[in-house]
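Structural characterization, general
This is what each chain is made of:
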Amino acid sequence: MYGMADEEYQIPIFLINGQLESGKTRFITETIEMGQFDEAKKKLLIVCEEGEEEYDQKMLDENGIDMVVLEKEEFTTEKLNELDKKYDPWLVIVEYNGMWEPTMIFETEKPKGWQIYQSITLFNAAQFGVQWANMKMILAETVKYADMVIFNRCKTSMELGSYRRSMKALNSAIQIVFEDEKGDMMSIAEQLPYDINTDVIEIEDDDYGIWYMDVSERPEAYRNKTVRFKGQVLKNKYFKDKNFVPGRKVMTCCEADMQFIGYISFYDNISSLENKQWVTVTATVKYEFQMAYKKKGPVLYVSKVEPAQPPVNELVTF
């Protein structure tokens, strides 16, 4: 237990979900071997599905991990209390069964202090298309309750952008990670949710943050490309008559730390725009020196501005 006996203490549960062969055992093993759970002296691993890969007993012993396998009918408050008493864990890792209802682990009353700290769903990208077509309801539930989704075994030829949109439609706050066949994170250029080579690059509302970051990091890739996106109008006295910034607010860590992100834009009819008005902007991207940047940076030459409804989620997510 942490602290004094009368103080509240927490035993974090790391919930790892996914279908058979989604790589749960390997992911948990690698996370343990990286030392992510080292601070907790006693750890309990609850396995709800015996997969293709097995845990190495020596690895578990060396890392102070007790492992138990539970069938669905055993996943009860009584059983969890029994495990708590027997193993007295400081931290719990659950390899969940992707075919079980995710609500079960959230709704089952847990021993004192046990709290789900992080929920991660894994997908084998090579199987995702077929699974999504045939088991959408089951997969969707595992995403709704997750903090993060990891697609492993990805190839650049896969429809990663549509995978991202499917996840964001279910859970707009979810973090999405794509890993290649070696287990390395793929660069943002390889997992863009839009096609950079179309005549007009259409940026969905939920993808604004990704687009903004990528233009910032790779301005040359967007030079002379036409883009269409939704943003709020920012005008102020320091801008010239032909400048404004169409952008969005992003919350970096807390509400007090709100920032407005966007690029300086040239437009011939600035006077027609109201400050804070939501608009859809069509513009060509250039890469030029700007005093406001104090260096070269992305600049938009706007050809069209249309009034728009605010996005469902006004704050940007990455």
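Notes on the structure follow. Everything numeric in this text was worked out from a predicted model, so none of it was measured.

Analysis parameters
- Residues numbered from 1 in each chain as written.
- Predicted model: local features only at pLDDT ≥ 70, side-chain atom pairs only at ≥ 80, totals over all residues.
- Heavy atoms only, no water.
- Buried < 20%, exposed > 50% of the residue type's maximum accessible area, 1.4 Å probe, protein only.
- Helix = DSSP H or I, 4+ residues; strand = E, 2+ residues; numbered from the N terminus.
- Arc of directions from axis to C-beta.
- Contact = heavy atoms within 4.5 Å.
- Polar contact = N/O pair within 3.5 Å; in protein donor to acceptor, adjacent residues only side chain to side chain.
- 1 Å grid on protein atoms, 1.4 Å probe; cavity = no way out; pocket = protein on both sides within 12 Å on 5 of 7 lines; lining within 4 Å.
- Points joined across faces, edges and corners; volume = space filled by probe spheres on them.
- Core = buried A, V, L, I, M, F, W, Y, C linked by side-chain atoms within 4.5 Å.
- Pairing = 2+ DSSP bridges.
- Axes fitted to C-alpha atoms, helices over the stretch in contact; angles between N-to-C directions.
- Nonpolar A, V, L, I, M, F, W, Y, C, P; charged D, E, K, R; others polar.
- Patch = residues over 30% accessible without salt bridge, like charges linked within 9 Å, V, L, I, M, F, W, Y side chains within 5 Å.
- Areas by Shrake-Rupley, 256 points an atom, 1.4 Å probe, with all protein chains shown as cover.
- Salt bridge = Lys/Arg side-chain N within 4 Å of Asp/Glu carboxyl O.
- Lys, Arg positive; Asp, Glu negative; His and termini not counted.
- Charge placed at Lys NZ, Arg CZ, Asp CG, Glu CD.
- Phe/Tyr/Trp six-rings, centres within 6.5 Å; stacked < 30°, edge-to-face > 60°.

So, helix α5 (residues 125-134)
Side chains of residues three or four places apart in an α-helix project in the same direction, reflecting 3.6 residues per turn. Restricting attention to buried positions, one finds in α5 the residues A125, F128, Q131 and W132. Looking straight down α5, one finds its buried side chains confined to an arc of 100 degrees; they lie on one side. The exposed set on the far side of α5, more than 90 degrees from its buried face, consists of A126, V130, A133 and N134. Among the structural elements, β5 (114-124), α6 (136-144), β6 (148-154) and α7 (160-170) are those in contact with the buried residues of α5. Structurally, the start of α5 carries an N-cap: the backbone nitrogen of A126 is 3.0 Å from a side-chain oxygen of N124.

Looking at the layout of surface pockets
Empty space within the largest pocket amounts to approximately 620 Å³. Those elements giving two or more residues to the lining of the largest pocket turn out to be β1 (11-18), α1 (24-33), β5, β6 and β7 (175-180).

Comments concerning the nonpolar core
In summary, soluble globular proteins display a tendency toward joint burial of nonpolar side chains. The biggest cluster of nonpolar side chains holds 29 residues, and the ones touching the most others in it are W211, Y222, F229 and F244. Of all the secondary structure elements, the ones that give two or more residues to this core are α8 (208-217), β9 (226-234), β10 (243-251), β13 (278-290) and β14 (295-307). Of the residues forming this core, the biggest block, five residues, is contributed by α8.

A short note on the sheet that holds strand β2 (residues 43-47)
Pairing within the open sheet is parallel, and its seven strands lie in the order β3-β2-β4-β1-β5-β6-β7. Among the strands making up the open sheet, the edge pair consists of β3 (65-69) and β7. On average, adjacent strands in this sheet sit at an angle of 20 degrees to one another, irrespective of strand direction. Relative to β7, β6 runs parallel, the two being bridged by five bridges. Pairing of C154 across the sheet is with D180, part of β7.

Regarding empty space enclosed by the protein
Overall, the coordinates contain one cavity of 30 Å³ or more when judged by the stated rule. Space inside the largest cavity adds up to approximately 50 Å³. Residue lining of the largest cavity: I13, I46, F75, L80, V92, V94, I105, K110 and W114, and that is the complete set. Residue composition of the lining of the largest cavity, by class: eight nonpolar, no polar and one charged.

Here's the deal with the side chain of S265
Structurally, the position occupied by S265 is in strand β12 (residues 265-266). The exposure class assigned to S265 is buried, which follows from its relative accessible area of 0%. At 3.0 Å, the side chain of S265 forms a polar contact with the backbone oxygen of Y263.

Some thoughts on a nonpolar patch on the surface
Side chains of M251, M258 and L315 sit close together on the surface and give an oily, nonpolar patch of about 220 Å² of accessible area. Relative to the assigned elements, M251 resides in strand β10. Here M251 falls in the partly exposed class, since its relative accessible area comes to 34%.

Details of the pairing of β13
Inspection of the sheet shows β9 paired to β13 by seven bridges, in the antiparallel sense. Within the sheet, the bridge partner assigned to K230 lies in β13 and is T280. The pairing of β13 with β14 spans 12 bridges and is antiparallel. Within β14, the position partnered with T280 by the bridge is E306.

Observations regarding a negative patch on the surface
A surface patch of negative charge is lined by E30, E33, D56, D61 and D66. Mapped onto the fold, D56 is located in the loop between β2 and α2 (57-62).

Considering the pattern of salt bridges
As enumerated under the stated definition, the model contains 14 salt bridges in all. Between E181 and K155 there is a salt bridge whose closest N-O contact spans 4.0 Å. A residue pair is termed long-range when its members are at least 10 positions apart, and E181 in the loop between β7 and β8 (200-202) and K155 in the loop between β6 and α7 qualify at 26 residues.

Side note on the packing of aromatic side chains
What the rule picks out here adds up to 21 aromatic pairs. Clustering of aromatic rings is evident, with ring pairs tying together F123, F128, W132, F151, Y163 and F178.

Let's talk about unusual backbone geometry
Positive phi outside glycine occurs at R153, with the angle close to 60 degrees. Within the secondary structure, R153 sits in strand β6. A positive phi angle is found at K294, which is not glycine, with a value near 65 degrees. With respect to the helices and strands, K294 occurs in the loop between β13 and β14.

What is shown is where atoms sit, not what they do.
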